[in-house]
Structure formats: structure tokens, C-alpha cells
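# Tertiary structure, described
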Amino acid sequence: MPAQCSSCTEKRAVLKRPKTGHSLCKECFFWAFEEEVHQTIVAAELFKSGETVGIAASGGKDSTVLAHVMKLLNERYSYGLELMLISVDEGITGYRDDSLETVKRNQQQYELPLKIVSYEELYGWTMDAIVKQVGLKNNCTFCGVFRRQALDRGAVMLKVDKICTGHNADDVAETVLMNVLRGDIARLRRCTAISTSSEGEGVVPRCKPLKYAYEKEIVLYAYFKKLDYFSTECIYSPNAYRGYARTFLKDLESIRPSTIMDIIHSGENLSVREGVKMPVQGTCSRCGYISSQALCKSCVLLEGLNRGLPKLGIGKHHRLHDKILSQQPLTEKEERKLKSVDF
Amino acid sequence: MAAPIAVHLEFGGGAELLFNGVKEHHVTLPSQSEPWDMKQLLVWIQRNLLKERPELFVQGDSVRPGILVLINDADWELMNQNACACLTAAGLDCSVGLKPAH
Ligand SMILES: [Zn+2]
Ligand SMILES: [Zn+2]
Ligand SMILES: [Zn+2]
């Protein structure tokens, strides 16, 4: 027989909380989950009254729970925030349709304005059109680089003050681990931050209100609240490296439930010895986005697309960038190199 | 002797991909000498329903860590994991739901 709720001692417990080991009923769990997100928001002073906040919405469980809880807390505690949903449409036929439909239903359910920013309006190119130019082999370079910037560009376009994303505790722990494994000290130092300040004119501050929420609780919150979400990111999808890190963490967690919080704690308290070389963060001279080069990766890729030289920005053609961007003519050999596309 | 049991299984959040994309399964577990428990049910699922990559679903004699199991709409971590007749399971990003069919 399932246990009784340890909080109200009246109702049937529906879950065992990974964070505390408590058995809670639905109502007590909802309350505890929401209050903890509220505490996170208040303790880190994530928002100021009067701000316009864009919620990055993918239609997946994390962003759906985020939208639901932000809407609820904004009303319960009078945060005074103007909330809106922002979604990115890469323009891949058939790929985003279901998740965008989910976001559109969320807009109705939560009565929040929704803005879908498309690659086409941000960059002038849909992913389908890019694939036609660059072939299937290279499209991931574009998708990754463009997606990273799409939210920022969308947010600037919509004039929101902040973006919040649905990253949860498991995601953050996974990222800490991956940055350790890759030796990426700069990212390791940044990745546990609950919010980023504006780092250039093209970059909108971001924050993670669900940073301390376990994935298990997010899934169960969505499940018991019967929230409408779409399984976008399959854990069986072949992002091999992250997949291993995730499996490793889950295995550890089954032996020691506090693993997730412990890793986040470690990440938060690391300090990098003075004298460790960090990449110099500059800004893109064209769009203002953070970039360690004179032009950011997405501006280089766009330049290549627009000039019919799709391989610019893919692989090792860096020597040619300056020449191309200062409009100097290319030799026939160089041009051939940048045009050839292997499917 | 335990009588045959009707069980309603639900796989979701991507777990259904391991079951030919079929989310809901109404199955009858055959009668056997001892009562059915989760461990036996998992073996049964693996033998009769699972179509591919068992390592993504089971580990040892339990479900793979990260897959959430609900039995009658409650977290199975609350139970001593031998509930038999009615089971609901939901996966982390992958729900496996087993509900009473009666
Ligand atoms: Zn309770
Ligand atoms: Zn999945
Ligand atoms: Zn740029």
C-alpha cells in the first residue's frame, strides 16, 4: 500500500521527492514545488517589477512547466512581470510542427502572448533552404550556431528585458560534468550561474528559475497537473557525449540521490586559479553578439550563404575570412574550395 | 495459484519507440504459482513486448535509472515494488504507464 503524505498526513502520497526523500500527496507536492521555485526566484533576485520576460518555449516538458509556474507565481506573488512565450521555428518541414502546435495550445491555456521567431525572419534563410545549399552533411553546424543566437535575436526584436529558460537541476549537473570532461574551464565557470548579465548589445540576460528543480519532479508535476507538452528531446536521441554523461549521472543518482545537487554545488564553488588563460570575450563587429573573433560564427555562416560560398565558416577556411569580408577577390582555387558541396 | 491478471501498460515520452511506437498495451499476464511482482512483470515485458535495445529499458533486474515508474498513478519508489494487479509507469521524459484494465 502506498504511504500517506508526510506533510498533511491525510492524503495518499503520490511521489517520493528525490531532493528530500519525503512522501507527498499531489496537493502538497504542487505547493512545495511551486514554493521552491519562488524561493529560487526571490533569493537570486531574478526579476524586477515591471520587466518584460520572455519564456523560451519549445513545447517540451521543462518549458511547459516553466511557463505554467511563472504565470502562477507572477499572479500569486504579484511579481509585476509582463510574460510572453518565445519559440524558435527553424523552418524544417515536418520537424517542428508538433512542438509548435503544443506551444500554440499553451498560449491559449496560459493566456500568454506568443511570438514565434523563424530562422527566415531572423537570418533570411530557413533550414530547408540552407540544407539545399550546404547539403545534409553540414547542416548541423548551421543549426547549432543559429539556434544559439535565435533566442537572443528574437528577444532583442521583441524588446524583452530578460529570457528565462527551462534548464533544470539535472541539465545543470550534466553540463558541469561535460565541461569537466572537456576541460572547458571558461564554460565550467559560467554554467552554474543562475543568471547571466547582458554581455553585449546582442545578448539579452538569461536566467534559469528551475535550476534547482529535479527532472523527476518536473515530469511528475507536468503529469499530475495534466499539462499539455510534447516530448521534443528524446533521451534516445544520438547526442552521444551528453547521453553518456546523463546515463552516468542517473546511475550515480540511483546509489546516492543527492548526486545532482552535489555536482551543482561543486560547480558553484569552483574557483579558477589566477593566471589560467581564458578566451577573450569580444563582440561581433557586425551584430554585436559575443564572439572571440571579429565576426561571430553565425555572421560568417550567413555571409557565406548570401554570397554563394556555403562552406565559409565550416571547417578550416579561417585564413580566407578576412579576405572575403573585406570584399577582396578570391583566386579561382579558393572560390572552388568554398563552393564545393558534398552531399 | 494466482489467477491471470489484466494490466494496462502505457509507455511514453520516447519509451514507446522501443515498443514499435505503440504507447498503450492491454495485456493479460498468465496465471502462475506466486503473485506477479514488478520484477517479473519487467521480465515479461522484455520477453513479450520489447522490440529493440533492451539496455535502454532495463538494467539488472529493474528499469534503467532515469525511467520513472508509476503504479496506479503513484511513484513506485513509494512502494515495496511488488504491487501486482495494477501498475502505472511513467518515464523521465519517457513514461511507462500500466493501469488497471478493469
Ligand atoms: Zn499532503
Ligand atoms: Zn525519450
Ligand atoms: Zn555577428
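Residues numbered from 1 in each chain as written. Chains lettered and ligands numbered in written order. Predicted model: local features only at pLDDT ≥ 70, side-chain atom pairs only at ≥ 80, totals over all residues. Heavy atoms only, no water.

When you go through chain A residue by residue, the secondary structure sums to 14 helices and nine strands. When contacts within chain A are restricted to residue pairs at least 6 apart in sequence, those whose partners lie at least 24 apart make up 67%. Surface accessibility of chain A: about 17,300 Å² in total, with carbon and sulfur atoms responsible for 52%. (Helix = DSSP H or I, 4+ residues; strand = E, 2+ residues; numbered from the N terminus. Contact = heavy atoms within 4.5 Å. Areas by Shrake-Rupley, 256 points an atom, 1.4 Å probe, with all protein chains shown as cover.)

Residues and elements named next belong to chain A. As summarised here, the arrangement of the five strands in space is β5-β4-β3-β6-β7, forming an open sheet in which the pairing is parallel. Every other strand in the sheet has two partners, leaving β5 (114-118) and β7 (206-207) as the edge strands with one partner each. Sheet analysis places strand β3 (residues 52-56) next to strand β4 (residues 82-89), joined by five bridges and oriented parallel. When the bridges of β4 are listed, A56 appears paired with I86. In the packing of helix α3 (residues 97-110) onto the sheet, contacts are made with β4 and β5, and the angle to β4 comes to roughly 165°. (Pairing = 2+ DSSP bridges. Axes fitted to C-alpha atoms, helices over the stretch in contact; angles between N-to-C directions.)

Here the focus is the UniProt feature "binding site: ATP" (unreviewed entry) in chain A. All names here are of chain A. The positions that UniProt labels "binding site: ATP" (unreviewed entry) are, in the present scheme, A56, A57, S58, D62, V88, G166 and D171. Tracing the backbone shows V88 in strand β4. A relative accessible area of 13% means that V88 is categorised as buried. Considering the arrangement of structural elements, one finds G166 in the loop between β6 (162-164) and α7 (169-182). (UniProt positions renumbered as here; feature names shortened; annotations may be inferred. Buried < 20%, exposed > 50% of the residue type's maximum accessible area, 1.4 Å probe, protein only.)

A few words on unusual backbone geometry. All names here are of chain B. Phi at N20 takes a positive value of approximately 60°, unusual for a residue other than glycine. One can find N20 in the loop between β1 (5-11) and β2 (24-29). Here N20 falls in the exposed class, since its relative accessible area comes to 58%.

An α-helical segment advances 3.6 residues per turn. Residues three or four places apart therefore align on the same side. Residues and elements named next belong to chain A. With 14 residues, α3 extends 20 Å from end C-alpha to end C-alpha; this agrees with the ideal 20 Å at 1.5 Å per step. Looking only at α3, the buried set comprises S99, L100, T102, V103, N106 and Y110. One side of α3 carries all its buried residues, which in axial view fall inside an arc of 155°. Residues of α3 that are buried sit in contact with α2 (61-76), β4 and β5. Downstream of α3 by one or two residues, E111 has phi in the positive range, about 50°. (Expected span 1.5 Å × (residues − 1). Arc of directions from axis to C-beta.)

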